[in-house]
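# Examination of the molecular architecture
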Amino acid sequence: MTLTWTFEVDWDADGVFERDEAPNLFSFHFTRGKQEVIGQDGRFGRYQVGRGTALLRNLDGTYDPWNTASPIYPNFMAGKRFRMQVSDGTTTWPVVTGRIQRIDYASERAVRLDLEDDWAVLQKEVHIPVQRNIYAGSAMNMVLDHAGWPGGRDISAGVDVKKVWWCAGKAGITLQELAEAEFGAVAVRADGTFWFRSRHDSYPTVANVAPTDILYGFRLPLPWETIRTVARVRAYQPEDVSGMIYEHTSAFQVQGNSTESVWITPQDVYMEAITSVDVTANEKEDGSGADMSAYVSAVATLIGARRVKVEVTNTASGPVWVTSLRLNGSGVKMGAYVEREAVNNAGLGLYGERVLLVDNFWLQDALVAKDFADHFAFWYGEPTPERAFLKVKLKANPALQFGVDIGDVVDVDMGDFSGRYRVMWIAHRWADRAGQVVETEWLLDPRFDFTDEYWFFPTKIGVSSRFGF
């Protein structure tokens, strides 16, 4: 069986992958996903930007940025989008979609491309004002819109309504926090689709994995790598605020007949709306001169919950000092929370206190926090092979190597233990220069099936009845 690779690049940035560079490709590796179920800080692990490298032969100067005869001149530069695919002659699978992060030269006749997947897009700062009564899926779509997400979307609606929500930072962090508050999962799929599933969504099995599928052995973590004998989960209680939500008292100067822009970040209020701006101005910085407030006006533009732009206009002929700037409107404070704790006494006796902390603004229901704490103490509190993540290296099998993606669930039967696992990290590496021998590794997170173990309402007794949270 021959593998055929395509490495398509949109060199002219017109949205079309117009050129396949695979004929010049002689080395490739890439890793995607997250490598920790629970980090050393006792919090759930986070998804990382996928990274890899491709080496291209440069025998004819195609990848020389000074070569005006190159078919990609003058577009050979970093920042261009790419997609990698592979075919066995019957099926074509996506491998990774992203952008070229950096270009360097491996030698006089070879060029090195440092690659990253589309999670890099989600490193962008996004600012969205406070929203009310919103589900995770709707919030995620807003974040992706603001981040300029270039790919597809496969997003579940979510389970728990958020009384309040906003975005004030990196898009990827907010997306992961939304998923964590649902005890769900997010990923960027190989074809560039952003994917989210909540804890109530069903995960069909996409493949079965047996010892005969593994190149050699598998790694189970040492018990204390993932054991958390105490689970502490916080549910935040939003507090509405209105009236004056910010006051700036450090004087600043505005020149005569001009407008100055001031960017403001309140420290203890997350803003929902700005209704008015009060300005006090004076002839002198210390406020001891003539009152110039009548000559000064201000207009506020709410950019996000922690970001507002205020344009201050001075119509006097000379400079004035703005001595006070007050924003009036509405927002929320998030200082108050209820913490629920659950302890696994059997694990505590063996390993002592090892804490899992869930500290997340978007978890705002104390009952859900209690259910989460109980579940986490049960699931992560005692070491068993069925609850430990697996690291496996697969034998050559394109349907398994490339047909299973991050977020997919596989059934694993190792003889001594078996279970359902969700793929949380994938690594591909060419072991030869033609890409015919590919080493593939997975990290697998044991999947707890709420749909099999719990009851959900509304329900039909005896048909779909389950208890759950």
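Heads up: the structure comes first, above all this text.
Every residue gets a number counted from 1 within its own chain, in the order that chain's sequence is written. Since the coordinates come from a predicted model, pLDDT governs what is reported: local features require at least 70, and pairs of side-chain atoms require 80 or more to be given and counted, while whole-chain, interface and lining totals use all residues. Think of the side-chain values as coming from all heavy atoms in the structure, minus any hydrogens and water.

## Points about the environment of V368
What counts here: A run of H or I in DSSP becomes a helix once it reaches four residues, and a run of E becomes a strand once it reaches two; helices and strands are each numbered from the N terminus. When checking whether two residues touch, look at their non-hydrogen atoms; a contact exists if any pair is within 4.5 Å.
The residue V368 is located in helix α5 (residues 366-380) in this model. Considering only alpha carbons, one finds V368 and R340, 28 residues apart in sequence, at a separation of 9.6 Å. Contacts of V368, omitting those with residues within four sequence positions, involve D160, R199 and L363.

## Focus: the pattern of salt bridges
For the record, the criterion: For salt bridges, the criterion is a side-chain nitrogen of Lys or Arg within 4 Å of an Asp or Glu carboxyl oxygen. Relative accessibility thresholds used throughout: buried, under 20% of the residue-type maximum; exposed, over 50%; partly exposed, between the two (1.4 Å probe, protein chains only).
Counted under the stated rule, the structure contains 27 salt bridges. Put simply, R46 and E180 hold a salt bridge, and the shortest N to O gap is 3.8 Å. Of the two residues, R46 is situated in the loop between β3 (25-33) and β4 (48-57) and E180 in helix α2 (residues 171-181); the sequence distance between them amounts to 134 residues. Looking at R46, the relative accessible area reads 30%, which means it is partly exposed.

## Some words on the packing of aromatic side chains
In plain terms, the rule: Pairing of aromatic rings covers Phe, Tyr and Trp, the last counted by its six-membered ring, and requires centre-to-centre distances within 6.5 Å; plane angles under 30 degrees mean stacked, over 60 mean edge-to-face, and any other angle means tilted.
Evaluation of the coordinates by the stated rule reveals 29 aromatic pairs. Their ring planes at 75° and their centres at 5.4 Å tell us that F44 and F376 sit as a pair that is edge-to-face. With a gap of 332 residues between them, F44 in the loop between β3 and β4 and F376 in helix α5 connect regions that are remote in the sequence. The buried category is assigned to F44, whose relative accessible area is 12%. Residue classification places F376 among the buried residues on the basis of a relative accessible area of 1%. Ring centres of Y47 and W119 lie 4.4 Å apart, and the angle between their planes is 35°; on these two criteria the pair is classed as tilted. Here W119 lies in the loop between β7 (110-117) and β8 (125-134) and Y47 lies in the loop between β3 and β4, a separation of 72 residues in the sequence. Take W119: its relative accessible area is 1%, and that puts it in the buried class. In textbook terms, an aromatic cluster arises when at least three aromatic residues are bridged by ring pairs, as seen for W165, W166, Y236, Y270, Y337, F361 and W362.

## Notes on unusual backbone geometry
Each neighbour pair has its own omega, and for Y73 with P74 the value is 0°, a cis peptide bond. Note on placement: P74 falls in the loop between β4 and β5 (81-87). Residue F183 is not a glycine yet carries a positive backbone phi of 50°. Residue placement: F183 occurs in the loop between α2 and β11 (185-188). Notably, N257 is not glycine yet its phi reads approximately 50°, a positive angle. Looking at where N257 falls in the secondary structure, it is placed in the loop between β17 (252-254) and β18 (258-264).

## Let's talk about the side chain of R447
For clarity, the cut-off: For the purposes of these results, a polar contact is taken to be a pair of N or O atoms within 3.5 Å, where, inside protein, one atom must be able to donate a hydrogen and its partner to accept one; residues adjacent in sequence count only when each atom of the pair is a side-chain atom.
Structurally, R447 can be placed in the loop between β28 (438-446) and α7 (450-453). Owing to a relative accessible area of 10%, R447 belongs among the buried residues under this scheme. For R447, the side chain forms a polar contact with the main-chain oxygen of D201, separated by 3.5 Å. Excluding its chain neighbours within four sequence positions, the residues that come into contact with R447 are R199, D201, Y203, W379, V409, R420, Y421 and R422.

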